[in-house]
Amino acid sequence: MSKKWKDFSFKALLKWAAVFAIVFTLSLPVTAEDSQASNTWTVSVSKGYLALRNAKAYDSRNEIGELYTGDTVEVTDSSDSTYWYVYSPKHNKSGYVNKNYLVGNTNTWTVSVSEGYLALRTAKAYDSKNEIGELYTGDTVQLIDTSDSTYWYVYSPKHGREGYVNKNYLTGGSSSSGFTKTVSIQKGYLALRTAKAYDEANEIGELYTGDTVQVIDTSDSTYWYVYSPKHGKNGFVNKDYLY
């Protein structure tokens, strides 16, 4: 066999080995641990189960899995106002779930009271009749809705239930709350605002493509409440410019 033929055969072998390696790598399943490891949320239902679905609709025919309180999912797409696309390690499947039954593991705050306890309540009011749990210094809660100026809606792992607490007795770094999204705009900037409205008077910061924010509250269909590490401030942004 000539040297020229040997060189050609060796080069051809290397080429096909490289192609095989690429195809094999692309064929490997992408797990949530690889893609969304820091975006884990926990299921919280008062009874029954949360359905994992193959479509954004409440329909028994589209159910592909049952998720119970304490099960975790990893959020892939939170753009819909009701149904989030998630990966379920329990079922090793991706699908849609109603986001109102998820609480964020990465959004944990700690109770801090000088004496007594912080009441977990069924309503946004200081009333002994609406108390459903006692939280002491060092107990943790996971934020669900922070839109109210005084009472935040939270999940208490200690009690295994949701309720309202006075946010003035919670401590937590704003910079560690929620999950991270990146700004993407074609021109200009994305305004960080003090209110859920398009108004230049409420602008408190300018965010450009590539800047990141940490999401705290996604309950509104347009304006999400976020923390901006760039500005060191919390505020509202139009979620359509986040990815």
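Residues numbered from 1 in each chain as written. Predicted model: local features only at pLDDT ≥ 70, side-chain atom pairs only at ≥ 80, totals over all residues. Heavy atoms only, no water.

1. Remarks on the overall build of the protein
Stage number 1. Helices and strands together make up the secondary structure of the protein, namely 2 helices and 20 strands.
Stage number 2. The buried share of the protein, taken over its 243 residues, is 37%.
Stage number 3. A separation threshold of at least 6 residues defines the contact pool for the protein, and within that pool the share at least 24 residues apart is 55%.
Stage number 4. Of the roughly 14000 Å² of accessible surface on the protein, a fraction of 51% belongs to carbon and sulfur atoms. (Helix = DSSP H or I, 4+ residues; strand = E, 2+ residues; numbered from the N terminus. Buried < 20%, exposed > 50% of the residue type's maximum accessible area, 1.4 Å probe, protein only. Contact = heavy atoms within 4.5 Å. Areas by Shrake-Rupley, 256 points an atom, 1.4 Å probe, with all protein chains shown as cover.)

2. Quick notes on unusual backbone geometry
Stage number 1. A positive phi angle, near 55°, is found at Asn92, a position not held by glycine.
Stage number 2. By the secondary structure assignment, Asn92 is in the loop between β5 (83–88) and β6 (93–98).

3. Some remarks on the layout of surface pockets
Stage number 1. Volume-wise, the largest pocket comes out at about 400 Å³.
Stage number 2. Taken together, 22 residues make up the lining of the largest pocket; nearest its centre are Asn100, Leu102, Ile144, Tyr153 and Glu162.
Stage number 3. Listing elements by their share of the lining of the largest pocket, those giving two or more residues are β11 (140–145), β13 (161–166) and β18 (212–217).
Stage number 4. When grouped by side-chain class, the residues that make up the lining of the largest pocket number 9 nonpolar, 7 polar and 6 charged. (1 Å grid on protein atoms, 1.4 Å probe; cavity = no way out; pocket = protein on both sides within 12 Å on 5 of 7 lines; lining within 4 Å. Points joined across faces, edges and corners; volume = space filled by probe spheres on them. Nonpolar A, V, L, I, M, F, W, Y, C, P; charged D, E, K, R; others polar.)

4. What about the packing of aromatic side chains?
Stage number 1. A complete count under the given rule lists 6 aromatic pairs for this structure.
Stage number 2. The interplanar angle of 55° and the centroid separation of 5.9 Å between the aromatic rings of Tyr49 and Tyr68 together place this pair among those described as tilted. Residue Tyr49 is located in the loop between β1 (40–43) and β2 (50–53), and its partner Tyr68 is located in the loop between β3 (63–67) and β4 (72–77); the two are separated by 19 residues in the primary sequence.
Stage number 3. Judged by centre distance (4.9 Å) and plane angle (55°), the rings of Tyr85 and Tyr96 are tilted. Of the two residues, Tyr85 sits in strand β5 while Tyr96 sits in strand β6, which places them 11 residues apart along the sequence.
Stage number 4. For Tyr85, a relative accessible area of 29% puts it in the partly exposed group. (Phe/Tyr/Trp six-rings, centres within 6.5 Å; stacked < 30°, edge-to-face > 60°.)

5. Here's the deal with the pattern of salt bridges
Side-chain pairs of opposite charge can arise where the charged atoms are in close proximity.
Stage number 1. Counting across every chain of the model gives 11 salt bridges.
Stage number 2. We note a salt bridge from Asp80 to Lys56, for which the minimum N-O separation is 3.8 Å. Taken together, the residues span a long stretch of sequence, with Asp80 in the loop between β4 and β5 and Lys56 in the loop between β2 and β3 at a distance of 24 residues.
Stage number 3. Under the relative-accessibility criterion, Lys56 is labelled partly exposed at 46%. (Salt bridge = Lys/Arg side-chain N within 4 Å of Asp/Glu carboxyl O.)

6. Considerations on the confidence of the model for the protein
Stage number 1. For the protein, per-residue confidence averages 80 on the pLDDT scale, and residues scoring 70 or more make up 79% of the total.
Stage number 2. When the criterion is pLDDT under 50, residues 21–38 qualifies, and its contacts beyond four places in sequence or with other chains add up to 10 contacts.
Stage number 3. This model gives residues 173–177 a pLDDT under 50, and the stretch forms 13 contacts once residues within four places in sequence are excluded. (pLDDT = per-residue confidence, 0-100.)

7. A closer look at the environment of Ser44
Stage number 1. Within the secondary structure, Ser44 is located in the loop between β1 and β2.
Stage number 2. Ser44 gets classed as buried once you look at its relative accessible area, which sits at 8%.
Stage number 3. For Ser44 and Arg161, which are 117 residues apart along the polypeptide, the C-alpha to C-alpha distance reads 7.7 Å.
Stage number 4. If sequence neighbours within four positions are ignored, Ser44 has contacts with Thr69, Tyr101, Val103, Tyr155 and Glu162.

8. Let's talk about the nonpolar core
Stage number 1. Within the largest apolar cluster, 17 residues are counted, with the highest numbers of intra-cluster contacts made by Leu118, Leu135, Leu143, Val154, Val165 and Leu170.
Stage number 2. For this core, the elements supplying multiple residues, two or more each, are β8 (108–111), β9 (118–121), β11, β12 (151–156) and β19 (223–228).
Stage number 3. No other element matches the 3 residues that β19 contributes to this core.
Stage number 4. Judged by nonpolar contacts, the second largest core, of 12 residues, contains Trp41, Val45, Leu50 and Val75. (Core = buried A, V, L, I, M, F, W, Y, C linked by side-chain atoms within 4.5 Å.)

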